[in-house]
Amino acid sequence: MKEAGTQTEGGGQALAPRRKRGFASVPALRRQQAYYGALFVVPGLIVYLIFMVYPFLDTIYLSFTNWNGVATSKDWVGLSNYARMFADGAALKAFANNVVWVILGTISPVVIGLFEALLVWSGARASLFFRVLFFLPFVLPLVVIGIVWQWIYNPLFGVVNKVLDGAGLEGVSRGWLADPHTALYAVLIAAIWGASGFCFLILHASLQNVDMSTVEASMIDGANWFQRAWSIVVPQIAPQLTMVTAVTLIGGFSVFDIIYVMTGGGPGNASEVLATYTYKTAFEQNEAGYGSALAMLITVLSLISAFVFVRVRERQR
Amino acid sequence: MMSRVVGSLARYLALAFFAALVLYPLLLIVSTAVKDPLDVTADPFALFSSVHLQNFIDAWTLGGFGGYFWNTVLITALTLIGTLALSVLAGYALARLYFPGRNIVFLVFITGLMFPFFSVMIPLFYELRDIGLLGTKVGLVLVFIAGAGGFGLPIGVFLMRSFYMDLPEELADAARVDGANEFQVFWRVMLPLSGPGVAVLAVLVFFQTWNAFIQPLLYLPGSENQVLATGLYLFASGRTQEYELIAAGSLIMVVPVVVFFLIFQRLFVRGLTAGALK
């Protein structure tokens, strides 16, 4: 992986092209490069400015207004949308759920993915079968994961309740997605099932670069599987572990698809997170202004975690 | 010796445990997709109680998944072409052509890597409405190309720029000595070498566009324009009894991605690792 800083220096080649016989003169070359540089960059830049930069700036602006998405006037209300957020029980509930989601939804798939990767890596038979199997959940669209886990949780026919009933635990079985105490966690388990595939894929690939001589030395020294994995292998894949953790964590603040498909944030607001609450506020309550303030909260949380991730990675270098 | 046998037995048990957890939901989709509708009413989720391939035809025609499939193919293809073309051009310019302000332009592009979709979601809706692109495939494609869906120009420019930076300058110099102008250097020398970089980007863009849900949900309402993700969601939340068609529709959506992924796994891992800022 390349670091942005070193690339900027590498790009200096084009900045000062070496003069050789047969070349256009340096000023002519510069003029040509400036012309084609601008020509090549402008189409992409226009699309990007119109459909990313401008709407982002507009989100900031709207978050200071009480616009309802329809009215011609957008009244400036200062910070009151942001103040409202801290007094809004539904927003606080969504935030609390989101924190649970980010913590459990990051730790679990990383640990599971790492465990799977280490198991497959330490010379299991049929490792190709397990490799394909373990990353498949990641390839599935979240809509499909949501639907199939709805079936697993189905109160009448779902496997969860069938197993519980079969084990004589009828008292425990319930409508997992309809019960406010379990809805968030039921969706979370489905999401962990999918995200583990991603963690497995990246970590398994990174294990191919582990220095085998250190592993063999530790075997001769009599280290057991866990000692070997934990103190010899894991430190060597620390950068990929950090990256997988960061990607999962940052994504956790924007989680939407799977919750929207499985519970819609319900029952009540039991499984509401910031993204689903923002969506509903903006497009079902038509509160574009307040919705934008909520969107800014998601943005700031993502940016903070991205920033922390970059710092951690710099320290690992 | 004994402990080694016990150890490897424990590892296989652990593997089997995880394999079962991962496998069950996958089998459930396949099993339900090939179940006879009569069996579905009795017990929809008993594994492989019947084989009824007619479900795929019914899902394709009666369920409307054929239409959703072609919409998804069209949108994914247009997004791919647009993102690749614009990323190659901008990435090349930012890597190898000197023009004033290019570092700022690059910075502006890669900043987009860190912003979640929600940072642009609300104004994009009204912006698309005001310029008449709301509910059109073109509007959605432009949103994807810009990078609001995750993998668009920001990751494209980032990947292609680092790709072109690694190509030796001597290649360009040799062409310049032969009298090539800067456009010919790009078109004749650099572009034909772009395959590996473009492939990595293409895999990422395909994967994310095909599976995207919230963007088409918001910006492409209306039944005739649905893509597989939203069509599947609407179908499943509407007619909850026809599990076999939901499952068949899911497979219609999933199989192309799985096949694609099995072929291009390596490129995929490389792209995800390189784009770790996402």
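The following paragraphs examine the structure supplied in this document. (Residues numbered from 1 in each chain as written. Chains lettered and ligands numbered in written order. Predicted model: local features only at pLDDT ≥ 70, side-chain atom pairs only at ≥ 80, totals over all residues. Heavy atoms only, no water.)

Overview of the overall build of chain B
Consideration 1: Summing up its helical and strand segments, chain B has 14 helices and zero strands in all.
Consideration 2: For chain B, the succession of helices and strands along the chain, N to C, is α-α-α-α-α-α-α-α-α-α-α-α-α-α.
Consideration 3: Seen along its three principal axes, the alpha-carbon backbone of chain B occupies a region of about 75 × 70 × 35 Å.
Consideration 4: In chain B, which comprises 278 residues, the share counted as buried stands at 59%. (Helix = DSSP H or I, 4+ residues; strand = E, 2+ residues; numbered from the N terminus. Buried < 20%, exposed > 50% of the residue type's maximum accessible area, 1.4 Å probe, protein only.)

Remarks on the nonpolar core
Consideration 1: Counting 200 residues, the largest nonpolar core has Phe-134 and Ile-258 of chain A together with Met-121 and Tyr-219 of chain B as its most contacted members.
Consideration 2: Broken down by element, this core gets its largest block of residues, 16 residues, from helix H14 (residues 243-274) of chain B.
Consideration 3: Aside from chain neighbours lying at most four places away, what touches Met-121 of chain B is Thr-278, Tyr-279 and Phe-283 of chain A together with Ile-214, Leu-218 and Tyr-219 of chain B. (Core = buried A, V, L, I, M, F, W, Y, C linked by side-chain atoms within 4.5 Å. Contact = heavy atoms within 4.5 Å.)

Things to note about the interface of chain B and chain A
It is common to report an interface's size as the accessible area lost on association of the parts.
Consideration 1: Contacts between chain B and chain A engage 104 residues on the former and 104 residues on the latter.
Consideration 2: Of the roughly 9,400 Å² buried between chain B and chain A on both sides combined, carbon and sulfur atoms contribute 76%.
Consideration 3: Counting the contacts that link chain B with chain A gives zero salt bridges.
Consideration 4: One can count eleven residue pairs in polar contact (both at pLDDT 80 or more) joining chain B with chain A.
Consideration 5: The biggest single contributor to the side of chain B that touches chain A is H14 of chain B, with 16 residues.
Consideration 6: The residue makeup of the side of chain B that touches chain A, split by class, is 78 nonpolar, twelve polar and 14 charged. (Buried area = accessible area lost by both parts, 1.4 Å probe. Salt bridge = Lys/Arg side-chain N within 4 Å of Asp/Glu carboxyl O. Polar contact = N/O pair within 3.5 Å; in protein donor to acceptor, adjacent residues only side chain to side chain. Nonpolar A, V, L, I, M, F, W, Y, C, P; charged D, E, K, R; others polar.)

Observations regarding the packing of aromatic side chains
Consideration 1: Inspection of every chain in the model, using the stated rule, returns 54 aromatic pairs over all chains.
Consideration 2: On the numbers, 4.8 Å between centres and 55° between planes, the contact of Phe-40 of chain A with Phe-186 of chain B is tilted. Placement of Phe-40 of chain A in helix H3 (residues 26-62) and of Phe-186 of chain B in helix H10 (residues 182-190) is noted, with the two residues assigned to different chains.
Consideration 3: Take Phe-40 of chain A: its relative accessible area is 4%, and that puts it in the buried class.
Consideration 4: A relative accessible area of 2% means that Phe-186 of chain B is categorised as buried.
Consideration 5: Between Phe-117 of chain B and Tyr-219 of chain B the ring centres are 6.2 Å apart and the planes differ by 70°, which places this aromatic pair in the edge-to-face class. (Phe/Tyr/Trp six-rings, centres within 6.5 Å; stacked < 30°, edge-to-face > 60°.)

Looking at the side chain of Arg-176 of chain B
Residue and element names in this part refer to chain B.
Consideration 1: Within the secondary structure layout, Arg-176 lies in helix H9 (residues 169-177).
Consideration 2: Residue classification places Arg-176 among the buried positions, given a relative accessible area of 5%.
Consideration 3: Only 2.6 Å separates the side chain of Arg-176 from the side chain of Glu-182, close enough to count as a polar contact.

Things to note about the environment of Leu-74 of chain B
All names here are of chain B.
Consideration 1: Mapped onto the elements of the fold, Leu-74 is located in helix H4 (residues 65-96).
Consideration 2: Judged by relative accessible area, which is 40%, Leu-74 ranks as partly exposed.
Consideration 3: A C-alpha to C-alpha distance of 9.6 Å links Leu-74 and Val-227, two positions 153 residues apart in sequence.

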